[in-house]
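Each chain is listed here by its residues.
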Amino acid sequence: MPPSVTGRRRRSWPPCVDGITAPCVFDGPINGAKFLAYVEQVLVPALSPGDIVVMDNLGSHKVAGVRKAIEAANAAQCFLPAYSLTSTR
C-alpha cells in the first residue's frame, strides 16, 4: 500500500551528485540517532577528502556528532538556506 494509506513513510538519501554512493532507506520516520548511525556507518566511509555534504535543515541533520564525523573524513558539511515561500517565487 502507498505510505499515505498505511501511515508509514520511507526516507532515503542519495548524497552524491555523480551517482548514488551511500544510499540508505529507513522504514518509518527518521530521528537523530538513526541519522547519526547512517552518517558514521554508511556515509563517512564513502566520502573522499574534499567532498561536500549538502543537507537541508531537518533537526536530525543537526544532532551532535554529525558534523564531527563528516569533518573527520576531511569532508565539509553545509546546509541549504531555510525554506521561505517568498524566496521561491
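Look above for the structure.
For the structure given in this document, a descriptive report is provided here. Predicted model only: the values in this text are computed from it and were never measured.

1. Observations concerning the overall build of the protein
1) Next: Tallying secondary structure elements over the protein gives 3 helices and 4 strands in all.
2) Next: Secondary structure elements of the protein, listed N to C terminal, follow the sequence α-β-β-α-β-α-β.
3) Next: A separation threshold of at least 6 residues defines the contact pool for the protein, and within that pool the share at least 24 residues apart is 45%.
4) Next: A total of about 6100 Å² of accessible surface is found on the protein, and carbon and sulfur atoms cover 58% of it.

2. Brief notes about the nonpolar core
1) Next: Core analysis: the biggest nonpolar cluster contains 18 residues, and Phe35, Tyr38, Val39, Leu43, Leu47, Val66 and Ile70 have the highest contact counts within it.
2) Next: Mapped onto this core, the elements with two or more residues apiece are β2 (24-27), α2 (32-46), β3 (52-55) and α3 (66-72).
3) Next: Contact partners of Val39, with chain neighbours within four places excluded, come to Val44, Pro45, Val66, Ala69 and Ile70.

3. A short note on the packing of aromatic side chains
How two aromatic rings sit relative to each other is set out by the distance from centre to centre and by the angle between their planes.
1) Next: Following the criterion strictly, the structure yields 1 aromatic pair and no others.
2) Next: Between Phe35 and Tyr38, the ring centres sit 5.9 Å apart and the planes meet at 40°, which makes this aromatic pair tilted. Here the residue Phe35 and the residue Tyr38 both occupy positions in helix α2, the gap between them amounting to 3 residues, near one helical turn.
3) Next: The cationic tip of Lys62 hangs over the ring face of Phe79; the distance from NZ or CZ to the ring centre is 5.3 Å.

4. Remarks on α2
1) Next: The terminal C-alpha atoms of α2 lie 20 Å apart, and with 15 residues this matches the ideal 21 Å at 1.5 Å per residue to within 8%.
2) Next: Largest kink in α2: about 40°, centred on Val39.
3) Next: For α2, the set of buried residues is Gly32, Phe35, Leu36, Tyr38, Val39, Leu43 and Val44.

About the thresholds
Residues numbered from 1 in each chain as written. Predicted model: local features only at pLDDT ≥ 70, side-chain atom pairs only at ≥ 80, totals over all residues. Heavy atoms only, no water. Helix = DSSP H or I, 4+ residues; strand = E, 2+ residues; numbered from the N terminus. Contact = heavy atoms within 4.5 Å. Areas by Shrake-Rupley, 256 points an atom, 1.4 Å probe, with all protein chains shown as cover. Core = buried A, V, L, I, M, F, W, Y, C linked by side-chain atoms within 4.5 Å. Buried < 20%, exposed > 50% of the residue type's maximum accessible area, 1.4 Å probe, protein only. Phe/Tyr/Trp six-rings, centres within 6.5 Å; stacked < 30°, edge-to-face > 60°. Lys NZ or Arg CZ within 6 Å of the ring centre and 35° of its normal. Expected span 1.5 Å × (residues − 1). Bend = angle between axes of the 7 residues up to and from the residue.

Keep in mind that these numbers describe shape and distance, not what the molecule does.
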